[in-house]
Amino acid sequence: MWNSLAQPETVSSLPDDVVVLEYEVIQWTASEGLKDTLYETYRPQRIRIKDALPHPSLLCESAALALVSPPAPTYKPHLPSNIITQGNLSEAQLESVIYAGQTHCEFLSGSYIVDDSWDSVTVAAQGEENAVRFRRGWFLGDGTGAGKGRQCAGIILDNWCQRRQKAIWVSKSSALIEDARRDWCALGGSEKDIIDLSNIKLGDPIPFTQGILFCTYSTLRSQKNGKSRLKQIVEWAGKDFEGAIAFDECHAMGNAMAQEGKLGMVAASQQGIVGLRLQNALPYARVVYVSATGATKVSNLSYANRLGLWQTGDFPFTSREDFVESIEGGGIAAMEVVARDLKALGLYLARSLSFEGVEYQTLEIELTPTQERSYNSYSDAFGVIHHNLDKALEACNISGDKTYNRAAKMSAVSQFESHKQRFFNHLLTGMKCPQLIKAIEEDLAAGNAIVIQIVSTNEELLKRRLNEVPSEEWKDLNLDLTPREYVMDYLMSAFPVHLHSIHSGVDGEERSEPVFDADGSPVISQEAVALRDALVDKLACLDPIPGALEQLLWHFGNKQVAEVTGRSKRVLKDDSGRLFVDSRGSGANIAETAAFMQGDKQILIFSDAGGTGRSYHADLNAMNRRRRSHYLLEAGWRADNAIQGLGRSHRTNQASAPIFRPVTTNVIGERRFISTIARRLDSLGALTRGQRQTGGNGIFEAKDNLESQELLHKYFLV
């Protein structure tokens, strides 16, 4: 390990054996057209690096992208010699360092004026004072488990060896700083080079003269009393900063532009806005976007302004909005062209681990007659809720012969529909568990280790219920933690009961507004309250279905199950059946992951909190090398999160490829959930792999997307 900074005032040393990476440029032409296969085995198309080792696991590329050649590079990185000889970076990973360096030698066309807020960027007139040029950025779109963190470290190391020894590494979770340290140290760096911004007080100058500043997107957007983390970072970097900025898991900035929603304009997210501000404030920075799931829709690419897709004249789009509108208008086919064009320009690489050895076994569960009766009872109850909702809206003067308050009605209906979808998703997930438990027991008997992917943890519901129980009773609980409670909460907090009064506006239109008493409190419609209370009584009589996470933990026990979620508290069951509260510390997820990887526990359940950057695969360096049986129990609504989760058990350096097992039921209504995520996976594959069919990693089929043009065409023909 070469010398690096130990104290704030210490200047980091360069590695002793830095060499210029030499390679051979080769000619490449497509030998055949597009084949029937979705993937082709990958090897760098335009370069050969002497003594470089192949990637530890076989890589592949979508068949569509495999037909596109990047340009011949001329840039030569500066790296320690042992990086190549010891195989610390594979040939494919070194290719990324080369193309990133090549791209960072270029600037976007034109000059620009950035305002003091770093929000507005306008084209500057020729010779205009204070105009800046933006260095072009590069996008690493490799799939989950392909070693993107190691490649980030390699790009930073290349700059480090050329005396650009300040870098910024932004990621999704604070826990991922350990992964950054691991990848940096694997290339010969020191843990001390990674500076955790969260350990430095907001507003204080960052005392380090060199180093890799690590922060999360949530930290990046934080501000207080006129002080902001963004300003703190920019002041540390300096306006002429030319080092690397790695936006790891950059899909976290996806909502960087305001968009038209069903209920009006949806504001841009603060994470997206601050990510753009950082890029605008440091125009000479070497920006690297890193994500396996860069965008599930075109507007989610709005953070990637350094690619030059709009406003620069390099592409025929005058603005970000023009780009989004044009590509969306062209549909999936236009989205596929974006990824291919970016690769052809040398701005993008997207390799994936080969799916050789991966098995797909859908576990379709038929509901028992008892479960069917429960499901039908809840369906009938929601029919009554819907009917009573309409009557309550009339009783409150929100609607009647006509709609008197459109916003209030839309809010009430929207909340009802969202709670209904969430409830039935939770209900079906809970109903899957008895048969899922049997399948898991069979897998364990066959010698497999189990990975279960979920979305819902019932954390907020648990917190609310525990707040109603004295802490001295937490050792012997009697709690209802079923999906039914979500509907109860909706009825008590969101069901319309506030009376409105109808009046005529200046245009003669009748409208209604909420009525308040002399104390300023809303006047309640007793008729609406009676309708609500009748619903509460009806729901209370229906069978409770425990949540999936509770069922699995209670059946197998916490000594056998590792839980990697965001919960700080959970309810466990002891051998006598008594329920009690168990608190989880900040290091619980790391400890639980370690217990699973060491083989102390053979079942691991993770939610979105453990779905990014983590490794649960049959790692050759781990004690637990059993084959993983990965159950996708709950896919959720976000395609990128689902794919990120699947990538936890299929990664580089594994003893065996996993078995992916989506868990579904024979309930026709569940096709709605599957269809939504399948449609989004088509967009994900088109935008990130240049081929729509590759977004789902083989986990879903074309027929699962009920909204595809092909399927709609088929139905209409029938």
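Because the structure is a prediction, the values reported are computed rather than measured.

Colleague: What am I meant to see in the overall build of the chain here?
Modeller: When you go through the chain residue by residue, the secondary structure sums to 19 helices and 31 strands. Burial statistics for the chain: of 718 residues in total, 55% are counted as buried. For the chain, contacts bridging at least 24 residues in sequence account for 77% of all contacts bridging at least 6. Of the roughly 31,300 Å² that the chain leaves accessible, carbon and sulfur atoms contribute 49%.

Colleague: What exactly am I supposed to notice about the sheet that holds strand β5 (residues 59-62) here?
Modeller: Reading across from one edge, β3-β5-β20 is the order of the three strands in this open sheet, with antiparallel pairing throughout. Strands with a single pairing partner mark the edges of an open sheet, and in this sheet they are β3 (39-41) and β20 (352-353). By the bridge criterion, three bridges tie β3 to β5 in an arrangement that is antiparallel. Bridge pairing links Tyr39 to Ser62 in β5.

Colleague: How do you make sense of the nonpolar core when you look at a structure like this?
Modeller: Core analysis: the largest hydrophobic core is formed by 55 residues, its most contacted members being Ile168, Phe247, Leu278, Leu282, Tyr289, Tyr303 and Phe323. Every element with two or more residues in this core is listed here: β10 (166-171), β12 (211-216), α6 (217-220), α7 (229-237), β15 (244-248), α8 (270-281), β18 (286-290) and α9 (320-344). When residues of this core are assigned to their parent elements, the largest contribution, eight residues, is made by α9. Contacts of Tyr303, omitting those with residues within four sequence positions, involve Phe139, Cys250, His251, Met253, Gly254, Ala256, Leu276, Gln279, Tyr289 and Gly294. Membership of the second largest hydrophobic core comes to 43 residues, among which are Tyr23, Ile155, Leu187 and Ala244.

Colleague: Got a minute to help me understand the sheet that holds β15 in this structure?
Modeller: As a general point, the strands of a sheet are linked pairwise by backbone hydrogen bonds and lie either parallel or antiparallel. The strand order across the open sheet formed by seven strands is β11-β12-β10-β15-β18-β9-β19, and the pairing between neighbours is parallel. The sheet is open, and its two borders are formed by β11 (194-196) and β19 (348-349), each paired with just one other strand. Alignment of strand β9 (residues 138-140) against β18, held across three bridges, turns out to be parallel. Across the sheet, Leu140 pairs through a bridge with Val290, a residue of β18. Along the sheet, α7 contacts β10, β11 and β12; its crossing angle with β10, the most-contacted strand, is approximately 155°.

Colleague: What is the right way to read helix α11 (residues 406-445) from this model?
Modeller: Compared with the 58 Å implied by 1.5 Å per residue over 40 residues, the 58 Å span of α11 between its first and last C-alpha is a close match. If you look at α11, its biggest bend is around 45°, right at Pro434. Positive backbone phi, approximately 90°, marks Gly447, located one or two places after α11.

Colleague: Would you mind going over the packing of aromatic side chains with me for this structure?
Modeller: Scanning the model with the defined rule gives 18 aromatic pairs in all. Ring plane angle 45° and centroid distance 5.3 Å describe the contact between Trp310 and Phe323, whose orientation is recorded as tilted. One end of the pair, Trp310, is in the loop between β18 and α9; the other, Phe323, is in helix α9, and 13 residues separate them in sequence. For Trp310, a relative accessible area of 7% puts it in the buried group. Given the relative accessible area of 2%, Phe323 is considered buried. Between Phe382 and Phe423, the aromatic rings sit 5.2 Å apart at their centres with planes inclined by 35°, giving tilted as the arrangement. Here Phe382, found in helix α10 (residues 369-395), pairs with Phe423, found in helix α11; they are 41 residues apart in sequence, far enough to count as distant. What makes Phe382 buried here is its relative accessible area of 5%. Grouped by ring-pair contacts, the aromatic residues Tyr375, Tyr378, Phe382, Phe416, Phe423, Phe424 and Tyr490 constitute a single cluster.

Colleague: Hey, could you run me through the packing of helix α3 (residues 91-104) against helix α4 (residues 148-160) in this one?
Modeller: Between two packed helices, both the angle of their axes relative to each other and the distance between the axes serve to describe the pair. Two elements in contact, α3 and α4, have axes whose closest approach is 9 Å; the angle formed by their N-to-C orientations is 45°. Classified by the interaxial angle, the pair formed by α3 and α4 is oblique. As for the relative orientation of α3 and α4, their crossing is right-handed in sense. Across the interface between the two elements, Ala92, Gln93, Ser96, Val97 and Ala100 from α3 touch Arg150, Gln151, Gly154, Ile155 and Asp158 from α4. Its residues placed into classes, the contact of α3 with α4 shows four nonpolar, four polar and two charged.

Colleague: Mind showing me how you'd approach the confidence of the model for the chain here?
Modeller: Interpreting fine coordinate detail is not advised for predicted regions of low pLDDT. Per-residue pLDDT for the chain has a mean of 86; in total, 90% of the residues score no lower than 70. Every residue in residues 4-11 is under pLDDT 50, and counting partners more than four places away or in other chains gives 19 contacts.

Colleague: Quick question: what am I supposed to make of the environment of Ala449 here?
Modeller: Locating Ala449 in the fold gives a position in strand β23 (residues 449-453). A C-alpha to C-alpha distance of 5.1 Å links Ala449 and Gln602, two positions 153 residues apart in sequence. Look past the residues within four positions of Ala449 in its chain and what remains in contact with it is Phe596, Gln602, Asn624, Arg626, Arg627, Arg628 and Ser629.

Colleague: Just checking my understanding: could you explain the pattern of salt bridges for this structure?
Modeller: It is possible for side chains of opposite charge to pair when their charged atoms get near one another. This model, assessed by the stated rule, comprises 27 salt bridges. A salt bridge links Arg43 to Glu91; the shortest N-O distance between them is 3.3 Å. Taken together, the positions of Arg43 in the loop between β3 and β4 (47-48) and Glu91 in helix α3 put the pair 48 residues apart, joining distant regions of the chain. By relative accessible area, which is 46% here, Arg43 ends up partly exposed. Glu509 is the partner of Lys402 in a salt bridge, and the nearest nitrogen-oxygen pair spans 3.3 Å. With a gap of 107 residues between them, Lys402 in the loop between α10 and α11 and Glu509 in the loop between β24 (500-504) and β25 (510-514) connect regions that are remote in the sequence. One continuous salt-bridge network, built from bridges that share partners, spans Arg150, Asp179, Arg182, Asp183 and Arg614.

Colleague: Which parts of the structure should I look at to understand the side chain of Gln102?
Modeller: As for its placement among the helices and strands, Gln102 is situated in helix α3. Since its relative accessible area comes to 19%, Gln102 is described here as buried. Ignoring anything within four residues of it in the chain, the contact list for Gln102 reads Pro73, Thr74 and Tyr75.

Colleague: I tried to follow the pairing of β10 on my own but got confused; where do I start?
Modeller: When a strand is regular, its side chains alternate between the sheet's two faces. Among the six residues in β10, five count as buried, and that is most of the element. Note that β10 and β12 share six bridges and pair parallel. By the bridge assignment for β12, Val170 is matched with Cys215. Where β10 meets β15, three bridges bridge the pair, whose relative direction is parallel. Bridge assignment links Val170 to a residue of β15, and that residue is Phe247.

Colleague: How do you make sense of α10 when you look at a structure like this?
Modeller: An α-helical turn contains 3.6 residues, so a residue and the one three or four places further along point in the same direction. With 27 residues, α10 extends 39 Å from end C-alpha to end C-alpha; this agrees with the ideal 39 Å at 1.5 Å per step. Here α10 has its buried residues at Gln371, Ser374, Tyr375, Tyr378, Ala381, Phe382, Ile385, Asn388, Leu389, Ala392, Leu393 and Ala395. Along its buried surface, α10 packs onto α11, α13 (484-493) and α14 (526-540). Phi turns positive, to about 65°, at Asn397, one or two residues after α10.

Colleague: Got a minute to help me understand unusual backbone geometry in this structure?
Modeller: Glycine aside, negative phi is the norm for most residues, and most peptide bonds take the trans geometry. Not every positive phi belongs to a glycine, and Asn130 is a case in point at roughly 70°. Within the element layout of this structure, Asn130 appears in the loop between β8 (121-123) and β9. We classify Asn130 as exposed; its relative accessible area is 64%. The phi dihedral of Glu249 is positive, around 50°, even though this residue is not glycine. Structurally, the position occupied by Glu249 is in the loop between β15 and β16 (259-261).

Definitions and limits used
- Residues numbered from 1 in each chain as written.
- Predicted model: local features only at pLDDT ≥ 70, side-chain atom pairs only at ≥ 80, totals over all residues.
- Heavy atoms only, no water.
- Helix = DSSP H or I, 4+ residues; strand = E, 2+ residues; numbered from the N terminus.
- Buried < 20%, exposed > 50% of the residue type's maximum accessible area, 1.4 Å probe, protein only.
- Contact = heavy atoms within 4.5 Å.
- Areas by Shrake-Rupley, 256 points an atom, 1.4 Å probe, with all protein chains shown as cover.
- Pairing = 2+ DSSP bridges.
- Core = buried A, V, L, I, M, F, W, Y, C linked by side-chain atoms within 4.5 Å.
- Axes fitted to C-alpha atoms, helices over the stretch in contact; angles between N-to-C directions.
- Expected span 1.5 Å × (residues − 1).
- Bend = angle between axes of the 7 residues up to and from the residue.
- Phe/Tyr/Trp six-rings, centres within 6.5 Å; stacked < 30°, edge-to-face > 60°.
- Parallel < 35°, antiparallel > 145°, perpendicular 65-115°, else oblique.
- Left-handed = near helix turned anticlockwise from the far one by under 90°.
- Nonpolar A, V, L, I, M, F, W, Y, C, P; charged D, E, K, R; others polar.
- pLDDT = per-residue confidence, 0-100.
- Salt bridge = Lys/Arg side-chain N within 4 Å of Asp/Glu carboxyl O.

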